[in-house]
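Architecture and fold: a report
If you want the building blocks of each chain, they are given just below.
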Amino acid sequence: MSTESGLKSRIQGDINEALRSGDELLKSTLRMALAAIMNAEVAGAQATVLTDDQIINLLRSEVKKRAESAEIYAAAGRTELATKETQEMAIIETYIPAAMDAAALASIVAEEVANAAAYGQEGARAMGAVIKAVKERVGAQADGSAIAAAVKSALN
């Protein structure tokens, strides 16, 4: 296994700070995030160390889960639980870099669509190749669903 990622180390350090400061919400939220990272590392046939980009994608997934939970709790009239989910979401979002703006993403997608067309791939056949190329270029700066939507829009 390779060395630990910087983001995982940062989260572990922030847990220690939360323990010292007595911030229970921060401590419990970061512990849940770290547990999700560690579970992902040992999932599958062989243990691995996640890269920062993989951790960011996992944290995005955790944010989505909390947003869905907050919505469900709010609809059920459980405002205290909805508030807690929203607070956890805000804490996790501090570890996720700002998303790439739509114009920059569209520009990269257009370039990759042109590259695919140069190799004879057009329309729906090019979708997988273009998405892969865009993901390689933008890394964790854009959500996978945003990339897929931009590519689908550009190819139609």
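Residues numbered from 1 in each chain as written. Predicted model: local features only at pLDDT ≥ 70, side-chain atom pairs only at ≥ 80, totals over all residues. Heavy atoms only, no water.

**Digging into the packing of helix α6 (residues 127-138) against helix α7 (residues 144-155)**
Closest axis-to-axis distance for the α6/α7 pair is 10 Å, and the angle between their directions is 135 degrees. Judged by the inter-axis angle, α6 sits oblique to α7. Helix-helix and strand crossings are classified by hand; for α6 and α7 the assignment is right-handed. Between α6, through Met127, Val130, Ile131, Val134, Lys135 and Val138, and α7, the contact on the second element is made entirely by Gly144, Ile147, Ala148, Val151, Lys152 and Leu155. (Axes fitted to C-alpha atoms, helices over the stretch in contact; angles between N-to-C directions. Helix = DSSP H or I, 4+ residues; strand = E, 2+ residues; numbered from the N terminus. Parallel < 35°, antiparallel > 145°, perpendicular 65-115°, else oblique. Left-handed = near helix turned anticlockwise from the far one by under 90°. Contact = heavy atoms within 4.5 Å.)

**Thoughts on the nonpolar core**
Ile11 and Leu59 are the most contacted members of the largest nonpolar core, which has 20 residues in total. Among all residues touching Ile11, those that are not within four sequence positions of it are Leu30, Leu34, Ile37, Leu59 and Tyr95. Ile131, Val138, Ile147 and Val151 belong to the second-largest nonpolar core, a separate cluster that totals 14 residues. (Core = buried A, V, L, I, M, F, W, Y, C linked by side-chain atoms within 4.5 Å. Buried < 20%, exposed > 50% of the residue type's maximum accessible area, 1.4 Å probe, protein only.)

**What to know about the environment of Ala106**
Structurally, Ala106 can be placed in helix α5 (residues 102-118). Residue classification places Ala106 among the partly exposed residues on the basis of a relative accessible area of 41%. Distance in space between the C-alpha atoms of Ala106 and Ala154 is 8.1 Å, their sequence separation being 48 residues.

**A word on the confidence of the model for the chain**
Low pLDDT marks stretches whose predicted atomic positions should not be read closely. On average, the chain scores 89 in pLDDT, and the residues at 70 or more come to 97%. Mean pLDDT values for the elements of the chain range from 85 in α7 up to 96 in helix α4 (residues 79-93). (pLDDT = per-residue confidence, 0-100.)

**What about the pattern of salt bridges?**
Summed over the entire model, instances satisfying the criterion amount to ten salt bridges. For Glu17, the salt bridge goes to Arg20, with nearest N and O atoms at 2.5 Å. Of this pair, Glu17 and Arg20 both sit in helix α1 (residues 6-21), three residues apart, which is roughly one turn of the helix. Its relative accessible area of 45% is what places Glu17 among the partly exposed residues. Relative accessible area serves as the criterion here: at 61%, Arg20 is assigned to the exposed category. Its salt-bridge partner being Arg137, residue Glu112 comes within 2.9 Å of it at the nearest N-O pair. Of the two residues, Glu112 is situated in helix α5 and Arg137 in helix α6; the sequence distance between them amounts to 25 residues. Glu112 sits in the buried class, given a relative accessible area of 11%. Each of Glu62, Lys65, Arg66, Lys84 and Glu88 takes part in salt bridges that share partners, so that together they form one network. (Salt bridge = Lys/Arg side-chain N within 4 Å of Asp/Glu carboxyl O.)

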